[in-house]
Amino acid sequence: MTSFFRDEKGNSERLSYYLKSHSQSGQSWGSTPGLLAPPLPCTLCPPRPRSLWNLLLLLWTFLNCGLGGNAQGPGEWTPWGSWSRCSSSCGRGLSVRSRRCIRFPREELCWGDTHEYRLCQQPDCPPGAMPFRDLQCALYNGHPVLGTQKTYQWVPFYGAPNHCDLNCLAVGHDFYHSFGRVLDGTPCSPGAQDLCVAGRCLSAGCDGLLGSDAREDRCGRCGGANDSCLFVQRVFRDAGAFAGYWNVTLIPEGARHIRAAHRSRNHLALMGGDGRYVLNGNWAVSPAGTYEAAGTRVVYTRATGPEETLRAAGPTSQDLLLQVLLQEPNPGIEFEFWLPRERYGPFQAQAQVLGWSPRQPQPREVEPQPLESPTVIPPRTPIPTPEPCPPCPDTRGRAHRLLHYCGSDFVFRARVLGRVRQAQETRYEVRVQLIYKNRSPLRALEYVWAPSRCPCPPLALHRDYLLAARRLISPDGTQDRLLLPHAGYARLWSPAEDSRVRLAARHCPL
């Protein structure tokens, strides 16, 4: 996002770019606890005190004037202004709103953004309308450039590294020229959903804000915590008395993040609410590909080996029936989906009709189990119960935070998407949302490894954390990992933690 601030040494404004971050929560004015009014500048004389409140305010002002003041921390934001009109008269554009940072000479700049951008949708552009980037290049047609009097006709060029520069190709020539940044609201590339803002290509979160990290949870709620739906997961193991179609499960209306998989020569079949097969019906095997069903796209894949998968994002607009065409003994069909809470009761009743007893949905922290093979013989000896994890040591305090921030290779904010426990370590799959420190590039999705089956501190699924990790490369160079040390720095993200880690950055060079 673009941020403007006023220089303390003059009246000119400087333009800087900041990545999208959460705004700092409101703080009290000045450095005196309990003072609710903003401090008056030392050059102003307060009015004659007419009450105890004015007397206290007068005393505080004189102390600050006489001692030079010791204001610390960032300034205060004004409320957001109203959204501007859409930047485009047709198609997709953006709106902007702004706020100002009010601070005193000894205070820092406010933490956050001075501008916010959101998508706006206008009526579709008429056929034959010139795209926005083409129009910007055409503005230079017939004008001398490159220090000569020669003129050219220009069209967009998309082969340059930065898609948010106005790179235009000279028609009939083999060179292009960059005329600076494109205007805000220009699509990053033809047909792309991302838009250029201040020279950077930004995508919109589910809240419509460009550069926002807000994402839908598994229930389809923007910024939710997966608490408005239930996770249904089961393995269908019925062997079947004859070859043919067998019901596996009903996929109710409103289901999301549907997945079914198995490893055998059998075939998954999907039937719509009207009784017609979507794929693999009537004893015919459908080709792998994408199919439309119940208002969603169903991706059907079949590997070279005996493995089939079926995935759909949802939500489904009507019930679907998942079946299996048995040709050999069933080794197990694993299926899962997310279902709104209000639909789970009717689903239980309908599931009983299909021939298998329902069970309560698993909590979200269900780790996927491997598909069973029919040749596996269950052990006859009882499996020992793992010992409970001991309590983690206390790792709070400023010294601990500084130690791990300075000694780490990466400090970033991430959301935990998955967790797999192995014999001597735990692997977390995380989505990187905001980077405070990195000594090498980070991807959007990373694995973070923690030693031991009982890592300290433990990370909960679908929560946001501030993590300090180290880079660990194996001696033979075959493994390059992000390691979360035992008793390392992992805190639930909050505006307060964001403030603390930014303060720690001052004491540790990147």
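Definitions and cut-offs
- Residues numbered from 1 in each chain as written.
- Predicted model: local features only at pLDDT ≥ 70, side-chain atom pairs only at ≥ 80, totals over all residues.
- Heavy atoms only, no water.
- UniProt positions renumbered as here; feature names shortened; annotations may be inferred.
- Buried < 20%, exposed > 50% of the residue type's maximum accessible area, 1.4 Å probe, protein only.
- Helix = DSSP H or I, 4+ residues; strand = E, 2+ residues; numbered from the N terminus.
- Contact = heavy atoms within 4.5 Å.
- pLDDT = per-residue confidence, 0-100.
- Salt bridge = Lys/Arg side-chain N within 4 Å of Asp/Glu carboxyl O.
- Pairing = 2+ DSSP bridges.
- Axes fitted to C-alpha atoms, helices over the stretch in contact; angles between N-to-C directions.

Looking at an unreviewed UniProt entry, one finds the chain named ADAMTS like 5 and attributed to Bos mutus grunniens. Its UniProt record gives the chain the following Subcellular location (unreviewed entry) comment, quoted word for word: "Secreted".

Caption draft 1: Examining helix 5 (residues 495-505) more closely. When we look at burial in helix 5, the residues that qualify are Glu497, Asp498, Ser499, Val501 and Ala504. Those residues of helix 5 that are buried lie in contact with helix 4 (398-407), strand 22 (410-421), strand 23 (425-438), strand 25 (464-473) and strand 27 (490-492).

Caption draft 2: Broad picture of the confidence of the model for the chain. Per-residue pLDDT for the chain averages 77, and the proportion of residues at 70 or more is 76%. Here residues 65-69 is modelled with pLDDT under 50, and outside its nearest four sequence neighbours on either side it reaches four contacts, counting other chains as well. Long-range and interchain partners of residues 356-381, a stretch whose pLDDT sits below 50, account for 41 contacts in this model, where long-range means more than four residues apart.

Caption draft 3: Geometry of the pattern of salt bridges. Under the criterion given, the structure shown has 14 salt bridges. Where arginine 97 meets glutamate 116, a salt bridge forms, and the shortest distance between an N and an O atom there is 2.8 Å. Of this pair, arginine 97 sits in strand 4 (residues 92-98) while glutamate 116 sits in strand 6 (residues 115-121), and the two are 19 residues apart along the sequence. Since its relative accessible area comes to 21%, arginine 97 is described here as partly exposed. By relative accessible area, which is 7% here, glutamate 116 ends up buried. Between arginine 413 and aspartate 213 there is a salt bridge, with its nearest N and O atoms 3.4 Å apart. In this pair, arginine 413 is assigned in strand 22 and aspartate 213 in the loop between strand 11 (200-202) and strand 12 (229-236), connecting sequence segments 200 residues apart. Taking the relative accessible area as the measure of exposure, arginine 413 reaches 5% and is therefore buried. For aspartate 213, a relative accessible area of 23% gives the class partly exposed. In this structure, a network of salt bridges that share partners links the residues Asp213, Arg413, Arg415 and Asp464.

Caption draft 4: Up close: the sheet that holds strand 19 (residues 308-312). Pairing in this open sheet of six strands is antiparallel, and the strands run 12-21-14-19-18-17 from one edge to the other. Since the sheet does not close on itself, it has two edges, and those belong to strand 12 and strand 17 (289-293), each with one partner. Geometrically, the sheet is characterised by an average inter-axis angle of 15° between neighbouring strands, direction not taken into account. By the bridge criterion, eight bridges tie strand 12 to strand 21 (residues 333-340) in an arrangement that is antiparallel. By the bridge assignment, arginine 234 is partnered in strand 21 with phenylalanine 335.

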